[in-house]
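# Per-entry structural report
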Amino acid sequence: MSPQNRINHIKTWITSYISEMDSPANCLVVGVSGGIDSAVVSTICAETGFKTLAVSMPIMQRPELHDLSIAHTNWLTNKYKNAFKVEIDLTRGYIGWEDIMREYKFKSEHGFANSKSRFRMLTLYQIAASTSGLVIGTGNKVEDFGVGFYTKYGDGGVDLSPIADCMKSQVYAMGKELKILEEIMKAEPTDGLWSDGRTDFDQLGMSYYELEEAMNDPSSEKYKEYVNIRKKNLHKMKPIPICKFDGKINLESN
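Residues numbered from 1 in each chain as written. Predicted model: local features only at pLDDT ≥ 70, side-chain atom pairs only at ≥ 80, totals over all residues. Heavy atoms only, no water.

## Points about the overall build of the chain
Tallying secondary structure elements over the chain gives ten helices and four strands in all. Its C-alpha atoms give the chain a radius of gyration of 20 Å, within 12% of the compact-globule value 18 Å for 254 residues. The dimensions of the chain, computed from C-alpha atoms along their principal axes, are 75 × 50 × 45 Å. Accessible area of the chain: about 14300 Å², with a carbon and sulfur share of 53%. If you average the places of the 30 positive and of the 33 negative side-chain charges in the chain, the two averages end up 2 Å apart. (Helix = DSSP H or I, 4+ residues; strand = E, 2+ residues; numbered from the N terminus. Rg over C-alpha atoms; globule rule 2.2 N^0.38 Å. Areas by Shrake-Rupley, 256 points an atom, 1.4 Å probe, with all protein chains shown as cover. Lys, Arg positive; Asp, Glu negative; His and termini not counted. Charge placed at Lys NZ, Arg CZ, Asp CG, Glu CD.)

This is the structure in structure tokens:
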């Protein structure tokens, strides 16, 4: 499928979903990070013609990442009359919460990184609730649904996931077709949750090219590494475990 046909398919899918809702949504809410995935998703949302809110939510953000986010929202809103940018700095609220957690000695640095993502999810859903909107996910088939590289109940908490069946290379191809800003196309992928600026490669130990190759070819040199990363994160991709009862429990005494 060509990049343009893929874009058209996603647009039709989003439009069809909304038209079949009992109470159709009034807008699409997308968290914009300065990365290729959110840039492509927010642009496709704008292409549907629905009101699109592109939300930038810095939390102690490194300037270079925030600059990319703002550059994209400016480009998007200049190109599409139905697109609107929202910038909410969550740093003050997050720091207050983190201080409380540290006071009570719950101070996992990994937990804090994930909590930034969860703060953003809370924000997107508050915006969606206030605008009768839908929160649109930006996860792709490789990082989110291949190796589970996302935050549970953070960026994994969405209403629709339009590029979940798209490989990373296909996302880049759509980005090129949509004429996404070159600096975003060339930017090193990062979740932006760490103050030291670590990239996705730093955290995963594999590039998205290598991950995609391993997903497509079990004989790949990196396949075993891919499987090991995936195993660690499978709990995110599986339904929540439920304690089930096959029959009715008899609470009456004998």
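Back to the write-up after that little detour.
## Concerning the packing of aromatic side chains
Scanning the model with the defined rule gives six aromatic pairs in all. Their ring planes at 90° and their centres at 6.0 Å tell us that Trp97 and Phe112 sit as a pair that is edge-to-face. Separated by 15 residues along the polypeptide, Trp97 in helix 4 (residues 91–103) and Phe112 in helix 5 (residues 109–131) bring together distant segments of the chain. The class of Trp97 is partly exposed, set by a relative accessible area of 28%. Since its relative accessible area comes to 3%, Phe112 is described here as buried. Ring geometry for Tyr223 against Tyr226: centres 5.9 Å apart, planes inclined by 50°, an arrangement best described as tilted. A residue pair is termed a helical-turn pair when its members lie 3 or 4 positions apart in one helix, as Tyr223 and Tyr226 do in helix 10 (residues 223–237) at three residues. (Phe/Tyr/Trp six-rings, centres within 6.5 Å; stacked < 30°, edge-to-face > 60°. Buried < 20%, exposed > 50% of the residue type's maximum accessible area, 1.4 Å probe, protein only.)

## What to know about the sheet that holds strand 4 (residues 133–135)
Taking strand neighbours across the sheet as the criterion, the four strands line up as 3-2-1-4 in an open arrangement whose pairing is parallel. Because the sheet does not close on itself, it has two edges, and the strands there are strand 3 (83–87) and strand 4. Averaged over all neighbouring strand pairs, the angle between strand axes comes to 25°, with direction disregarded. Across five bridges, the pairing between strand 2 (residues 51–56) and strand 3 is parallel. Bridging across to strand 3, Leu53 finds its partner in Phe84. Strands in contact with helix 2 (residues 36–47) are strand 1 (27–31), strand 2 and strand 3; relative to strand 1, the strand with the most contacts, it is inclined by about 170°. (Pairing = 2+ DSSP bridges. Axes fitted to C-alpha atoms, helices over the stretch in contact; angles between N-to-C directions. Contact = heavy atoms within 4.5 Å.)

## Here we look at unusual backbone geometry
Non-glycine residue Met60 carries a positive phi angle of around 50°. Looking at the element boundaries, Met60 is found in the loop between strand 2 and helix 3 (63–79). In this structure, Lys105 takes a positive phi of about 70° despite not being glycine. Following the sequence through the fold, Lys105 ends up in the loop between helix 4 and helix 5. With a relative accessible area of 62%, Lys105 lands in the exposed category.

## Section: the nonpolar core
Grouped together as the largest cluster of nonpolar side chains are 33 residues, with contacts concentrated most on Val40, Ile136, Met174 and Ile180. Secondary structure elements with two or more residues in this core: helix 1 (3–19), strand 1, helix 2, helix 3, helix 6 (168–177) and helix 7 (182–185). For this core, the element with the highest residue contribution is helix 2, accounting for seven residues. Not counting chain neighbours up to four residues away, the residues in contact with Ile136 comprise Leu28, Val29, Val30, Val41, Cys45, Val158, Leu160 and Pro162. In terms of nonpolar packing, the next biggest core, distinct from the first, is built from 14 residues, Phe112, Phe119, Leu124 and Ile127 among them. (Core = buried A, V, L, I, M, F, W, Y, C linked by side-chain atoms within 4.5 Å.)

## Digging into the side chain of Thr91
Mapped onto the elements of the fold, Thr91 is located in helix 4. At 2.8 Å, the side chain of Thr91 forms a polar contact with the backbone nitrogen of Met60. Beyond its immediate chain neighbours, meaning those up to four positions away, Thr91 contacts Pro58, Ile59 and Met60. (Polar contact = N/O pair within 3.5 Å; in protein donor to acceptor, adjacent residues only side chain to side chain.)

## Notes on the pattern of salt bridges
Applying the stated criterion across every chain, the model contains ten salt bridges. For Glu143, the salt bridge is made with Lys168, and the minimal N-O distance between the two is 2.6 Å. With Glu143 in the loop between strand 4 and helix 6 and Lys168 in helix 6, this residue pair connects regions lying 25 residues apart in the sequence. Judged by relative accessible area, Lys168 falls into the buried class, the value being 4%. Where salt bridges share partners, they join Asp37, Glu143 and Lys168 into one cluster. (Salt bridge = Lys/Arg side-chain N within 4 Å of Asp/Glu carboxyl O.)

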